[in-house]
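# Report on the structure
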Amino acid sequence: MPETADQPPIAPDHAGDHAPAHTPQDHAEVYSFLGPSGTFTEAALAQVPQAKGKHWRSVNNVGEALGDVVAGRSVAAMIAIENSIEGGVSVAQDALATIPDLRIVGEYLVPVNFVLVARPGTRLSDVKVINAHPVAYAQCHLWLDANLPAHGHLPSSSNVAAAASLLDGSPADAAIAPPGIIDHHDLEVLAENIGDNPNAVTRFVLVSRGTAIPAPTGADKTSIIAELPDDRPGSLLDLLEQFSTRGVNLSLIESRPIGDSLGRYRFVIDADGHISDERVADALLGLRRFSPAVIFLGSYPRADGRHVDYDHRYRDEVFTEAREWLKGLTAPPGE
Ligand SMILES: O=C(O)C(=O)C[C@]1(C(=O)O)C=C[C@@H](O)C=C1
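Residues numbered from 1 in each chain as written. Predicted model: local features only at pLDDT ≥ 70, side-chain atom pairs only at ≥ 80, totals over all residues. Heavy atoms only, no water.

To be explicit about the condition: UniProt positions are given in the numbering used here, feature names are shortened, and annotations may be inferred rather than shown by experiment.
Going by what an unreviewed UniProt entry lists, the protein chain is known as Prephenate dehydratase and is assigned to Leifsonia tongyongensis. Check the Pathway (unreviewed entry) section of the UniProt entry for the protein chain; it says "Amino-acid biosynthesis; L-phenylalanine biosynthesis; phenylpyruvate from prephenate: step 1/1."

## Some words on unusual backbone geometry
Glycine aside, negative phi is the norm for most residues, and most peptide bonds take the trans geometry. Using the following cut-off: Each helix is a run of H or I in the DSSP string that is no shorter than four residues. Each strand is a run of E no shorter than two, and both are numbered from the N terminus.
Here the amide bond leading from G35 into P36 is cis, since omega sits at 0°, within 30 degrees of zero. Within the secondary structure, P36 is located in the loop between β1 (30-34) and α1 (40-45). The phi torsion at D101 lies on the positive side, around 65°, for a residue other than glycine. You can see D101 is positioned in the loop between α3 (90-98) and β5 (102-111).

## Overview of the environment of T217
For clarity, the cut-off: Burial classes follow relative accessibility: with a 1.4 Å probe on protein chains only, a residue under 20% of its type's maximum area counts as buried, one over 50% as exposed, and anything between as partly exposed. Throughout this description, a polar contact denotes any pair of N or O atoms lying within 3.5 Å of each other; where both atoms belong to protein, one of them has to be capable of donating a hydrogen while the other can accept it, and for residues adjacent in sequence the pair is counted only when both atoms sit in side chains.
For T217, the location among the structural elements is in the loop between β11 (201-209) and β12 (220-227). The class for T217 is partly exposed, based on a relative accessible area of 47%. For the pair T217 and V318, spaced 101 residues apart in sequence, the C-alpha separation works out to 20 Å. Of the polar contacts made by the side chain of T217, one reaches the backbone nitrogen of A219; its length is 3.0 Å.

## Topic: the UniProt feature "domain: Prephenate dehydratase" (unreviewed entry) in the protein chain
Here the UniProt feature "domain: Prephenate dehydratase" (unreviewed entry) sits at residues 30-209. Measuring from the first to the last C-alpha atom of residues 30-209 gives 13 Å, for a span that is 24% helix and 33% strand.

## Digging into the sheet that holds strand β7 (residues 129-132)
As a reminder of what qualifies: One requirement defines pairing of two strands: DSSP has to find at least two bridges between them. Fitted lines through C-alpha atoms serve as axes, helices being fitted only where they are in contact, and the angles separating the N-to-C directions of these axes extend from 0 to 180 degrees.
Taken in spatial order, the 5 strands of this open sheet run β8-β7-β9-β6-β10, and their pairing is mixed. Two strands in the sheet have a free side with no partner beyond their single neighbour: β8 (152-155) and β10 (188-191). For this sheet, the mean inter-axis angle between neighbouring strands, taken without regard to orientation, is 35°. Of the strand pairs in this sheet, β7 and strand β9 (residues 174-177) are connected by 2 bridges, and their pairing is parallel. The residue of β9 that forms the bridge with I130 is A174.

## Points about the nonpolar core
Put simply, the rule reads: The criterion is simple. A nonpolar core is a set of buried Ala, Val, Leu, Ile, Met, Phe, Trp, Tyr and Cys residues joined through side-chain atoms within 4.5 Å. Domain segmentation is taken from an automatic or database assignment of domains. In what follows, residue pairs with any heavy atoms lying within 4.5 Å of each other are defined as contacts.
The biggest cluster of nonpolar side chains holds 35 residues, and the ones touching the most others in it are L45, L116, I176 and L206. Lining this core are residues from two domains, each supplying at least three of them: domain 1 (10-111 + 201-208) and domain 2 (115-191). Ignoring any residue separated from it by four or fewer positions in sequence, one finds L45 in contact with Y31, F33, A51, W56, M78 and L206. Listed in part, the 22 residues of the second largest apolar core include I81, L96, V205 and I225.

## A few points about the site of the ligand
So the rule is basically this: Any residue with a heavy atom positioned within 4 Å of a molecule or strand is treated as near that molecule or strand. Amino acids outside the nonpolar list (Ala, Val, Leu, Ile, Met, Phe, Trp, Tyr, Cys, Pro) and the charged list (Asp, Glu, Lys, Arg) are all regarded as polar, and Gly is one of them.
The ligand sits among 14 residues. The nearest are F40, T41, Q139, N159 and T202. At 2.9 Å, a side-chain N or O of Q139 approaches an oxygen atom of the ligand. Taking N159, its side chain carries an N or O atom lying 2.7 Å from an oxygen atom of the ligand. Considering only residue class, the shell around the ligand consists of 6 nonpolar, 8 polar and no charged.

## Quick word on the UniProt feature "domain: ACT" (unreviewed entry) in the protein chain
Mapped onto the present numbering, the UniProt feature "domain: ACT" (unreviewed entry) falls on residues 224-302. Across residues 224-302 one finds 29% helix and 35% strand; the C-alpha atoms that close the span lie 15 Å apart.

## Notes on a nonpolar patch on the surface
The line we're drawing: Within the patch definition used here, like charges are joined within 9 Å and nonpolar side chains (Val, Leu, Ile, Met, Phe, Trp, Tyr) within 5 Å, considering only residues with over 30% relative accessible area and no salt bridge. Exposure was quantified through the Shrake-Rupley algorithm and a 1.4 Å probe, taking into account, for residues, occlusion by the shown protein chains and nothing else. Any Lys or Arg side-chain nitrogen found within 4 Å of a carboxyl oxygen on Asp or Glu counts as a salt bridge.
On the surface, a nonpolar cluster with roughly 350 Å² of combined accessible area is contributed by W325, L326 and L329. Considering the arrangement of structural elements, one finds L329 in helix α9 (residues 316-330).

## Topic: the domain arrangement of the protein chain
Formally: In short, buried area is how much 1.4 Å probe accessible area vanishes from two parts on joining, totalled over both.
Annotation of the protein chain at the domain level lists domain 1 (10-111 + 201-208), domain 2 (115-191) and domain 3 (220-321). With centres defined by C-alpha atoms, the gap from domain 1 to domain 3 works out at 25 Å. Domain 1 puts 18 residues into the contact, and the matching count from domain 3 is 18 residues. Summed over both sides, the interface of domain 1 with domain 3 buries roughly 1,400 Å², with 52% coming from carbon and sulfur. When the buried surface of domain 1 facing domain 3 is broken down by residue, Q93, I104 and E107 rank first, second and third, together holding 37% of it. Scanning the region where domain 1 abuts domain 3 turns up 3 salt bridges. Residue D270 is joined to R203 by a salt bridge in which the shortest nitrogen-to-oxygen separation is 2.7 Å.

## Topic: the sheet that holds strand β15 (residues 294-301)
Strand order in the open sheet made by the 4 strands is β13-β14-β12-β15, with antiparallel pairing throughout. Because the sheet does not close on itself, it has two edges, and the strands there are β13 (250-257) and β15. Strand-to-strand twist of the sheet, defined as the mean angle between neighbouring strand axes without regard to direction, takes the value 15°. Summarising the sheet, β13 and strand β14 (residues 265-272) pair through 7 bridges and their orientation is antiparallel. Residue pairing across strands places L250 opposite A271, the latter belonging to β14.

## Observations concerning the packing of aromatic side chains
Selection rule: Note on aromatic contacts: the rings of Phe and Tyr and the six-membered ring of Trp form a pair at centre separations within 6.5 Å, being stacked when their planes are under 30 degrees apart, edge-to-face when over 60 apart, and tilted otherwise. Note on criteria: charge over ring means Lys NZ or Arg CZ within 6 Å of the ring centre, with the direction from the centre no more than 35 degrees off the ring normal.
Enumeration over the complete set of coordinates arrives at 2 aromatic pairs. Each ring, one from F33 and one from W56, has its centre 6.3 Å from the other, and the planes form 70°; the classification is edge-to-face. Separated by 23 residues along the polypeptide, F33 in strand β1 and W56 in strand β2 (residues 55-59) bring together distant segments of the chain. When sorted by exposure, F33 lands in the same class as W56, which is buried. Where F40 meets F114, the ring centres are 5.6 Å apart and the plane angle is 90°; that geometry is what we call edge-to-face. With F40 in helix α1 and F114 in the loop between β5 and β6 (115-118), this pair connects stretches of sequence that are 74 residues apart. On the basis of relative accessible area, F40 is assigned to the buried category, the value being 13%. When the ring centre of Y310 is taken as reference, the NZ or CZ atom of R279 above it lies at 3.6 Å.

Right, here's the structure in full:
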């Protein structure tokens, strides 16, 4: 069972499948996720085969989830990293940039859509304050601006926590929550499908520490965070060239403030391919030579399973042949 004994699970039975009833002593048996039970994060964890039957520890925020991994309370934590409407989840990107030795070992996609719920008897016109997770709130702007233009926002640690708090003294009048919420809480739906885009998807990553890099599958992704060397024209172009000259496609590049002074940024990058691919390894070597700080976050199978296509000039054999050629040129005569 997930540790949220006070919250009845609203997710399908996956969460409790064969799970031990007590908190296990062995951290390898524990997975941390943003709770309480019923969150999209829990739905992402339900996609992890090795987490089935293990203890799922419900936590209140990304920092707590990663803190569990660092302190050895859990073997891995599931965190939201990117949303198709809102973009990168900055708290997650910043945590991965600053907490040492974390590794992404898998990614998972969860379609997200939202309902507006309230205590029974509430009318839409009664709603003044809405409780919602900031990332969920940001995905419902169009509906909120059109229907409740004067509302106030009370941030919550998760969507399920937002909804549950309405029955537990919250000063809010309504909450943004996953559609299944009313099956387990005495709440009424005031509006359905309030997300700005019905096809919204959140990308989650499973983060661990001290674990082996997952084997290459041919449909992999490599996540990196890198800083630019100095404040000179063209350094971002130089960074991008490390990838383009090796035929490596980038599926994500976002800047985040480093935080030490205005205008200093680090770049969060997802590259197609695995660190064991010659072209990706060579791009990382180039990046390492050029950037003052490179964090390798991991190589792992893509959630969409899409095979990585690249020009034949960047095949492993081409790199190997070129290296052998160079070795031959510098070998002592007669060898
Ligand atoms: O997992 C949940 O249900 C959450 O409330 C968190 C979270 C997030 O952190 O991005 C997850 C997915 C949605 O995009 C909105 C919120």
